[in-house]
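Here is what each chain is made of, one letter per residue.
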Amino acid sequence: MGTTTEETSTKKGLPAGIWTNCKKCEQIFLHKDYEENMMVCPKCGYYARLNARKRIEFTVDKGSFVEIDKDIKPVDFLGFPGYCDKISKSEINDAVVTGQAKIGGYPVMIAVMDFEFMGGSMGSVVGEKIVRAVETAIKKKYPVIIFSASGGARMQEGILSLMQMGKTSAALARLADAGLPFISVLTDPTTGGVAASFAMLGDINIAEPKALIGFAGPRVIEQTIRQQLPEGFQLSEFLVKHGMVDIVAERKDLKGTLIKTLKFFVQK
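Residues numbered from 1 in each chain as written. Predicted model: local features only at pLDDT ≥ 70, side-chain atom pairs only at ≥ 80, totals over all residues. Heavy atoms only, no water.

Concerning the overall build of the protein chain
- The number of helices and strands found in the protein chain is 10 helices and 10 strands.
- Here the C-alpha atoms of the protein chain give a radius of gyration of 19 Å, agreeing with the 18 Å that 2.2 N^0.38 yields for 268 residues.
- Each principal axis of the C-alpha atoms in the protein chain carries an extent, and together these give about 55 × 45 × 45 Å.
- Scored against the burial criterion, the 268 residues of the protein chain give a buried share of 46%.
- For the protein chain, restricting intrachain contacts to residue pairs at least 6 apart in sequence, the fraction spanning at least 24 positions comes to 64%.
- For the protein chain, the accessible area works out to roughly 13,900 Å², and carbon and sulfur atoms hold 55% of it.
- Both charge centroids of the protein chain, one from 34 positive and one from 30 negative side chains, sit 3 Å from each other. (Helix = DSSP H or I, 4+ residues; strand = E, 2+ residues; numbered from the N terminus. Rg over C-alpha atoms; globule rule 2.2 N^0.38 Å. Buried < 20%, exposed > 50% of the residue type's maximum accessible area, 1.4 Å probe, protein only. Contact = heavy atoms within 4.5 Å. Areas by Shrake-Rupley, 256 points an atom, 1.4 Å probe, with all protein chains shown as cover. Lys, Arg positive; Asp, Glu negative; His and termini not counted. Charge placed at Lys NZ, Arg CZ, Asp CG, Glu CD.)

Concerning helix α6 (residues 158–177)
- Given a rise of 1.5 Å per residue, 20 residues ought to cover 28 Å, and the 30 Å separating the end C-alpha atoms of α6 matches this to within 8%.
- Of all the residues in α6, the buried ones are Ser161, Gln164, Thr168, Ala171, Leu172 and Leu175.
- For α6, the elements touching its buried residues are α5 (124–140), β6 (144–150) and β7 (182–191).
- Glycine 179 lies just past α6 and shows a positive phi near 75 degrees. (Expected span 1.5 Å × (residues − 1).)

What to know about the packing of aromatic side chains
- What the rule picks out here adds up to 3 aromatic pairs.
- Taking 5.5 Å as the distance between ring centres and 70 degrees as the angle between the ring planes, the aromatic pair formed by phenylalanine 233 and phenylalanine 238 counts as edge-to-face.
- Residue phenylalanine 233 is classed as partly exposed on the basis of its relative accessible area, which comes to 24%.
- You can call phenylalanine 238 buried: its relative accessible area is 19%. (Phe/Tyr/Trp six-rings, centres within 6.5 Å; stacked < 30°, edge-to-face > 60°.)

Points about the side chain of serine 150
- Along the chain, serine 150 falls in strand β6.
- Look at serine 150 and you get buried, because its relative accessible area is 0%.
- At 2.7 Å, the side chain of serine 150 and the backbone oxygen of glycine 120 are in polar contact.
- Contact partners of serine 150, with chain neighbours within four places excluded, come to Met113, Phe115, Gly119, Gly120, Ser121, Met122, Pro189, Thr190, Thr191 and Val194. (Polar contact = N/O pair within 3.5 Å; in protein donor to acceptor, adjacent residues only side chain to side chain.)

Here we look at the environment of valine 134
- Checked against the element boundaries, valine 134 lands in helix α5.
- Residue class for valine 134 comes out buried when judged on its relative accessible area of 1%.
- In sequence terms valine 134 and isoleucine 110 are 24 residues apart; their C-alpha atoms lie 8.9 Å from each other.

Section: a nonpolar patch on the surface
- A surface patch of nonpolar side chains, about 500 Å² in accessible area, is lined by Val75, Phe77, Leu78, Phe80 and Met155.
- Here phenylalanine 80 lies in the loop between β3 (66–68) and α4 (83–89).
- By relative accessible area, which is 30% here, phenylalanine 80 ends up partly exposed. (Patch = residues over 30% accessible without salt bridge, like charges linked within 9 Å, V, L, I, M, F, W, Y side chains within 5 Å. Salt bridge = Lys/Arg side-chain N within 4 Å of Asp/Glu carboxyl O.)

Observations regarding unusual backbone geometry
- Here the amide bond leading from aspartate 188 into proline 189 is cis, since omega sits at -10 degrees, within 30 degrees of zero.
- In this structure, proline 189 sits in strand β7.
- The backbone phi angle of lysine 210 is positive, close to 60 degrees, even though this residue is not glycine.
- Note on placement: lysine 210 falls in the loop between β8 (204–207) and β9 (213–214).
- Residue classification places lysine 210 among the exposed positions, given a relative accessible area of 58%.

Notes on the nonpolar core
- Counting 34 residues, the largest nonpolar core has Ile130, Val144, Leu175, Phe198 and Ile213 as its most contacted members.
- At the level of elements, α4, β5 (106–113), α5, β6, α6, β7 and α9 (236–241) are the ones that each hand at least two residues to this core.
- The element best represented in this core is α5, accounting for 6 residues.
- Non-local contacts of isoleucine 130, meaning those with residues more than four positions away in its chain, are made with Val96, Ala111, Ile146, Thr168 and Phe198.
- Formed by 21 residues, the second largest nonpolar core is a distinct cluster that contains Val97, Ile110, Phe147 and Val185. (Core = buried A, V, L, I, M, F, W, Y, C linked by side-chain atoms within 4.5 Å.)

Structure below.
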């Protein structure tokens, strides 16, 4: 395990939050410099996972984001052991943040998944918020951008979670029928029921470097087919070579890539 920001700060005799370290190579650097580099390690290039708020900050035009459906919270429908505690103690309501924003001056509806909430798992609230965002986009005639970061469907909600796969996919079909674009951004990881539904349905699928993207994990697949998988299997670079992803964009270039994509699809 690497040294935490607080431990590093204590060793340096400085307030917490001044220093941070890479979770992969453990290089220590100023947190300010790390944020300016969009939380990509300047030494080894490791991409730290971003929470939804930080992702929005890095992506949309400053001051343009207006959140919708902020207060929708999950319910423990099945009385799943420990689920109530998990959802009640979290600082955020669920694993997606949705709203209206501008990117390069283009108005969009945006949904950003947050891996910090139960591994970005998709339950009934995630599905409902994404569908509402898509329906709003259809009314306003806006493109939709979804950033995925998820371990898949949320087992604590059982079949209600799995239903969100069809629900979100159907909403995106209505968006396509309205002639509006859907841009899917795949980040590490995008797996399970999220990968098997809306995440791979983009008119353009864009991925961050070395993001794990797929349904089942590599170990499960190897154990099932009893064969060794190719090097880099299910990483974004492998998928772009095999036609599953259209673009692999570095984080520093991602906003520019989105603007170019919007320019292609949308007339201002």
